[in-house]
Amino acid sequence: MIETPSVDWLALSPTVALLSASGLALLATVVVPGWMRKAVTAAVVLAGFVTAAVLAGVVFDESATPEVLLSDSMARDQLAAFAQVILAVTGAVVVLVSWTERRRDSYGEYYSLLAAAGAGMVFFVSAENLMTLFLGLEWFSLCLYILVALDTERAASLEAGLKYLVVGGFGSAVLLFGSALVYGATGEIGFAEIASAEPTDDPFLLAGLAMIVAGLAFKVSAAPFHMWTPDVYQGAPSSVTAFMSAATKTAALVVFLRVLVTAFPSEADIWTIAVAVIASISLVWGNLAALAQRDVKRLLAYSSISHAGFMLMAISADSARGGEALLYYLVPYSAMSVGAFAVVAARERELGRPVTLESLAGLGWERPYHGIAMWTFMLGMAGFPLTGGMFGKLFVFSAAYEAGDWWLVLIGVAATAVSLAYYLNVVRWLYMRSGPELRLAPAGGSPPRDLALGAALGAAVVVTVGSFFAVQPILDVAADAAASLPF
Amino acid sequence: MLTTALILLPIAGALVVAILPLPRETTAGLAFLVALMEVGLWIAAAARFDFDDGSLQLGTSREWVESLGISYSVGFYGFSLWLTGAAVIVSAAAIGYAVWIGRDRPRAYHALMLLLTGAIVATFASQDLLLFYISFEAMLIPLYVLVGVWGGARRQAATLTFVVYTMAGSLLMLASVVAFGVTQGTFSLVDSGTSDNVWIFLGFAIAFAIKAPLFPFHGWLPLAYREAPVEVAAVLSAVVSKTAIYGFLRIGLPKFPEPADDLSGVILVLAGAGLVYGSLLAFRAPDLRGVVAYSSMAQMGLITLGVFAFDDLGLDGAVLQSVAHGLVSASMFLLVGMVEHRCGTGELASLGGMARGRPALATVVMVAGMIALAVPGSATFAGEFLIMAGVYDQGWGYSIVVALGVVLAAMYTLRVISAILHVKPGPAVREGALDLRPAELALVLPMILALLVLSAWPALVSQSSFPGNDAAQAISDGFR
C-alpha cells in the first residue's frame with residue numbers, strides 16, 4: 001500500500017478549475033467543428049473563470065487562520081484567496097471583452113492560454129517558498145508570451161511578443177538568481193523559514209533580496225524596470241493587454257507584498273526605502289512619459305506604470321494599513337484598467353486601426369455608453385471622487401503618511417496633478433472636439449453590436465463606482481486578507 | 001434627512017434627465033422643475049431651522065469608513081444654510097436661463113447643471129472633512145465639461161487653466177486632509193480637535209484662495225468667466241466661489257486657530273490688494289463679462305477681509321456679503337447674457353443707448369447695478385459696512401482699503417450701467433432689439449426681490465448666521 005500525502009483540494013480548487021478549463025478548451029479546439037469552436041471554448045473558459053472565482057470566495061470564507069500546505073510550499077490564506085477572486089473575475093471579464101476580437105482561427109488556443117495564464121497567476125499568489133514563486137511566475141509568463149504574439153498577421157504583435165519574451169526572461173533570470181543567493185545565504189527556501197533563519201548582514205542575502213525585488217518589479221512594470229511595458233501593451237491584442245494590465249499587476253503586487261513582509265521582516269528598514277524609491281521613480285517617470293503619448297494604449301501603459309508606483313507606495317509603508325490600502329486599490333484599479341482597454345478595443349475593432357487620441361474624437365457623443373464609461377475610468381484613474389480610485393489614493397497616502405513618508409505623499413500628490421493633464425486630455429478628445437475632427441473613417445458599415453463587451457464595461461463601471469460607495473465592506477475584506485501576513 | 005434630500009434631489013434629477021430619452025423641451029422643463037423643487041426643499045429646511053439654537057441642525061451622520069473615522073455627516077449652521085439658500089436660488093435661475101436660451105444637447109447639459117447643484121449643496125452641508133473634499137472636487141467634474149463643451153471660442157484654453165489651477169489647489173488640500181485626518185484619527189469636523197501645523201493650514205488656505213479666487217491666485221478667472229456659458233459663469237462667481245468662504249469659516253479658522261492667526265496679516269494684505277486690484281481691473285475691462293468677473297474677484301477679497309477680521313462684525317458681514325454678492329453677481333451675469341444675446345457682443349464700446357424704449361431692461365439693470373455698487377440702504381452696503389467696521393480692529397488701514405473698494409465699485413458699476421443704457425446707441429445695438437421678455441424678467445426678478453428684502457432687513461442673515469449670534473465665540477469654540 002502506497003501512502004499518499006494529504007492534499008488540500010479546496011485550496012487548490014481555483015487553480016484546478018482553471019487548468020481543467022484550459023485543457024477542455026484545448027481539447028474542444030480539436031474535437032469541435034470550426035463554426036462553433038469559438039463559442040464552445042469561450043464558454044468553457046468563462047465557466048472556468050467564474051468557477052474559480054466562486055471557489056476562491058469559498059476558500060476565503062474557510063481560511064480565517066492562515067495555513068501552509070504541501071510541504072510548506074503553498075499558503076492557504078485570505079490574502080491569496082482575495083487576490084484569486086480579483087484575478088478570476090478579471091479573467092472572466094476579459095473573456096467577454098475578447099468575444100468579438102478578430103483573429104485568424106486561433107480562438108481555441110487563445111482561450112485555452114488565457115485560462116492557463118489565469119491558473120498560473122492563481123497559483124502564483126499562494127506561493128509560500130522561492131520554488132513555487134518561480135514556478136508560478138514562469139507558468140503565467142510563458143502563457144502571456146504566446147498570448148501577446150498571438151496575432152501572427154500583425155508585425156507589432158510579434159515584435160511585442162519577442163520583446164516581452166526577452167525582457168521578461170531577463171527579469172525571471174534575475175529573480176531566480178536572487179532566489180539562489182537567498183538560499184545560499186540562509187539555507188532555506190520557505191518564506192517563513194528565511195525570516196527565522198539567523199539574521200545576518202550577509203551581503204549575499206542583501207544582494208539576493210535586491211534581485212528578487214528587481215525581478216518582481218519587472219512584472220509589476222515599475223520604473224526603472226518598465227521598458228517593455230509601453231511596447232508590449234501597444235503591440236499585444238487589446239484584450240490581452242487588458243488582462244495583463246489588471247491581472248499580472250494584481251498577482252505580482254500581492255506576491256511582492258507577501259515575499260517582502262513574510263520572508264524579509266528583519267531587512268525591512270532597507271527594502272522599505274528601496275520600494276519607496278522605486279515607487280517615486282515610477283510615479284515621476286510614468287506620469288511624465290504619459291504626457292507625450294498619442295497612442296491610447298501606450299498612454300494607458302504609462303498610466304499603469306504610475307499606478308504601480310502608487311501601489312508600491314502602500315507596500316513601502318510596511319504596515320497592516322499599507323496592506324489594506326494595496327488590496328483595496330487593486331479592486332477599482334483592475335476594473336478601471338480592464339474597462340479602459342475594453343473601450344480602446346471596441347474603438348479599434350470599429351475603425352480597424354490603432355487607436356490614437358485623434359481617433360477618439362467625438363466618441364463620447366457617438367457612443368454615449370462607451371463615452372461615459374471611459375470618462376468614469378479616466379476620472380477614476382486620476383483619483384476623482386465618486387470612483388474607488390479616490391479612496392485608493394486616499395488610503396495609500398494615509399498609509400504612507402502614517403509610516404512617516406510625508407515626502408512620498410507629496411510626490412504622489414504632485415504625480416496626481418501631472419496625471420490629470422493626460423487623463424482629462426482623453427476626456428477632452430471624447431467630448432470637446434467639433435467640426436471636421438469628428439469625421440471618421442469607419443472600417444465599413446455601422447459598428448457591430450457587441451453585447452459581451454457592453455456587459456464587461458457595465459461590470460467595470462459598477463465596480464469602479466461601487467467601490468466608492470461600498471468602501472467599508474471592501475476594506476473589511478481587504479483588512480482580513482492583509483491580516484494573513486505577519487505585520 | 002432633509003439635508004440628505006437637499007443633496008440627493010438634484011443628483012437623482014440629473015440621473016433621470018440624463019437617462020430618460022425625452023424630447024428637448026420636456027428634458028429642459030423637467031430639469032427646471034427639479035431646480036424649483038430644490039428651492040422648495042430649501043424653504044422647508046429654513047422653516048424648520050431654529051436660528052436661535054447654536055448646535056448643528058438637520059444633521060445626519062452615518063459611518064462610512066470606520067477604520068479611518070470617515071463618515072457621511074451632513075448638517076447646517078446658520079451661515080451654511082444661508083449660503084445654500086443663495087446656491088439653490090442661483091442654480092434655479094441659471095437652469096431656467098439655460099432652458100430659455102435652449103442649450104444644445106439638453107440631456108447632458110441639464111444633467112451636469114443639476115449634478116453641479118448637488119455637489120455645491122453637499123459642500124455647504126458637509127460636516128466631514130473627506131466629504132467636504134469629495135464635494136469640493138465633484139463640483140469640478142461638471143464645471144469642466146460645461147465650460148469645455150458649451151463655452152465660447154477659447155473654451156479649451158479656459159478649461160485647461162481652470163482645471164490646472166483648481167486641481168493644484170485641491171491636491172494640496174488632499175495632502176492636508178490626509179495629514180489632518182490621520183493625525184486626528186477622525187475626519188469628522190464635529191469630533192476633531194484643532195491643529196497648530198502651519199503647513200496643513202497652508203494646504204487648505206491655498207486651495208480656498210484659488211477657488212475664491214483671491215489675489216494672486218486669480219489667473220484662471222478672466223478666461224473661465226469670459227468663455228463659460230453665461231449662466232455657468234453666474235454659478236461660478238455667485239456660488240462656487242463661496243465654497244471657499246465656507247471652507248475658511250468651517251475649517252480654516254476653527255480647526256487651525258493659531259496658524260490662521262499667525263498668517264492673518266499676510267491674508268489680510270493679499271485680500272486688500274485683491275480688492276483694490278480687482279476693482280481697478282473691473283474699471284478697465286473692455287467688456288461686460290470682464291467687469292463682472294473682476295468685480296467678483298474684488299468682492300471675494302472684501303469678504304475675505306471680513307472673515308479674517310476675526311470678530312463678530314466682520315464675520316457676520318462676510319456671511320451677509322457672501323449671500324448678497326451671490327445674488328447680485330448671478331443677476332448681473334444673467335443680465336449680461338441677455339444683453340449679449342441681443343447684441344451679439346459684450347464689448348462696451350459697441351453697446352449703449354439701450355434704455356430708450358426698453359423700460360424693463362433699464363429698470364432691472366439700474367436696480368441690480370445700484371445694489372452692486374452698494375448704495376446706502378442696500379444689502380451690500382450693510383455687508384460692506386459691517387466688514388469695514390469689523391476689520392478696523394485689525395488695523396485702520398484695512399478699513400480705508402474697504403472704503404476705497406466701495407468707491408471703486410461705484411466707479412466701475414456706473415461705467416458699465418451707462419455703457420449699456422446711456423450714451424449713444426452703439427453699433428451692435430439694433431433698433432429692433434427687444435426689451436426683456438416676461439420669462440427673462442421672471443428669472444431675474446426673484447433674485448432682485450430677495451436682495452430688496454435683504455436690503456430692508458439685513459439682520460435676517462447677519463444676526464442668524466452663527467450659534468448664539470456670537471460669531472467670534474462660535475469660531476473659537478470650533479462650533480461645539
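What you are looking at is a predicted structure, and each value in this text was computed from that prediction instead of being measured.

### Thoughts on the overall build of chain B
Working step 1: Each helix and strand in chain B was counted, giving 19 helices and two strands.
Working step 2: For 480 residues, the compact-globule formula gives about 23 Å, and the C-alpha radius of gyration of chain B, at 21 Å, lands near that figure.
Working step 3: Oriented by its inertia axes, the alpha-carbon framework of chain B measures out at about 65 × 60 × 40 Å.
Working step 4: Within chain B, the fraction of its 480 residues that count as buried is 63%.
Working step 5: If you take every contact in chain B between residues at least 6 apart in sequence, the share linking residues at least 24 apart comes to 80%.

### Quick notes on the overall build of chain A
Working step 1: Secondary structure assignment for chain A yields 19 helices and two strands.
Working step 2: Seen through its C-alpha atoms, chain A measures out along the principal axes to roughly 70 × 60 × 40 Å.
Working step 3: Long-range pairs, those at least 24 residues apart, make up 80% of the contacts in chain A between residues at least 6 apart in sequence.

### Examining the interface of chain A and chain B
Working step 1: The interface is formed by 23 residues belonging to chain A together with 22 residues belonging to chain B.
Working step 2: At the level of elements, α16 (388-402), α17 (406-431) and α19 (471-482) of chain A are the ones that each hand at least two residues to the side of chain A that touches chain B.
Working step 3: It is α17(A) that provides the largest number of residues to the side of chain A that touches chain B, a total of nine residues.
Working step 4: Looking at the side of chain A that touches chain B, its residues break down into 18 nonpolar, three polar and two charged.

### A short note on the environment of A:Gly286
Working step 1: Residue placement: A:Gly286 occurs in helix α11 (residues 268-291).
Working step 2: The contact partners of A:Gly286, leaving out residues within four places of it in the chain, are A:Ala223, A:Tyr302, A:Ser303, A:Ile305, A:Ser306 and A:Gly309.

### Thoughts on unusual backbone geometry
Excluding glycine, residues mostly have negative phi values, and the peptide bonds linking residues are mostly trans.
Working step 1: Here B:Ala212 and B:Pro213 are connected by a cis peptide whose omega angle stands at -15 degrees.
Working step 2: Here B:Pro213 shows up in the loop between α8 (198-211) and α9 (221-227).
Working step 3: Following B:Phe215, the chain continues to B:Pro216 via a peptide bond in cis, the omega torsion being 0 degrees.
Working step 4: In this fold, B:Pro216 is placed in the loop between α8 and α9.
Working step 5: One non-glycine residue, A:Ser221, lies in positive phi territory at about 55 degrees.

### Things to note about the packing of helix α3 (residues 78-97) of chain A against helix α10 (residues 238-263) of chain A
Think of two packed helices as two axes; the pair is described by the angle between the axes and how far apart they sit.
Residues and elements named next belong to chain A.
Working step 1: Running from N to C, α3 and α10 cross one another at 175 degrees; their axes reach a closest spacing of 9 Å. Viewed along their axes, α3 and α10 adopt a mutual orientation that is roughly antiparallel. Of α10, the residues touching α3 (which contributes Leu79, Ala83, Ile86, Leu87, Thr90, Gly91, Val94 and Val97) are Ser239, Ala242, Phe243, Ala246, Ala247, Thr250, Ala251, Val254 and Arg258.
Working step 2: Residues that form the contact of α3 with α10 fall into these classes: 12 nonpolar, four polar and one charged.

### With respect to the packing of helix α12 (residues 288-307) of chain B against helix α16 (residues 396-421) of chain B
Residues and elements named next belong to chain B.
Working step 1: Close contact between α12 and α16 brings their axes to 11 Å; oriented N to C, the two are set at 160 degrees. Compared by their axis directions, α12 and α16 come out roughly antiparallel. Here the hand of the crossing between α12 and α16 comes out left-handed. Along the contact surface, α12 presents Leu288, Val291, Ser295, Ala298, Leu302 and Leu305, while α16 presents Tyr398, Val402, Gly405, Ala409, Tyr412 and Val416.
Working step 2: Looking at side-chain class alone, the contact of α12 with α16 contains 10 nonpolar, two polar and no charged residues.

### Topic: the pairing of strand β2 (residues 70-76) of chain B
Each regular strand displays side chains that alternate between the two surfaces of the sheet.
All names here are of chain B.
Working step 1: Burial of β2 is extensive: seven of the seven residues sit out of reach of the surface.
Working step 2: The two faces of β2 match: Ile70, Tyr72, Val74 and Phe76 on one face and Ser71, Ser73 and Gly75 on the other face are all buried.
Working step 3: Summarising the sheet, strand β1 (residues 57-65) and β2 pair through six bridges and their orientation is antiparallel. Residue pairing in the sheet places Arg62 in a bridge with Tyr72 of β2.

Cut-offs used in this document
Residues numbered from 1 in each chain as written. Chains lettered and ligands numbered in written order. Predicted model: local features only at pLDDT ≥ 70, side-chain atom pairs only at ≥ 80, totals over all residues. Helix = DSSP H or I, 4+ residues; strand = E, 2+ residues; numbered from the N terminus. Rg over C-alpha atoms; globule rule 2.2 N^0.38 Å. Buried ≥ 20, exposed ≤ 12 C-beta atoms within 10 Å, placed from the backbone. Contact = placed C-beta atoms within 7 Å. Nonpolar A, V, L, I, M, F, W, Y, C, P; charged D, E, K, R; others polar. Axes fitted to C-alpha atoms, helices over the stretch in contact; angles between N-to-C directions. Parallel < 35°, antiparallel > 145°, perpendicular 65-115°, else oblique. Left-handed = near helix turned anticlockwise from the far one by under 90°. Pairing = 2+ DSSP bridges.

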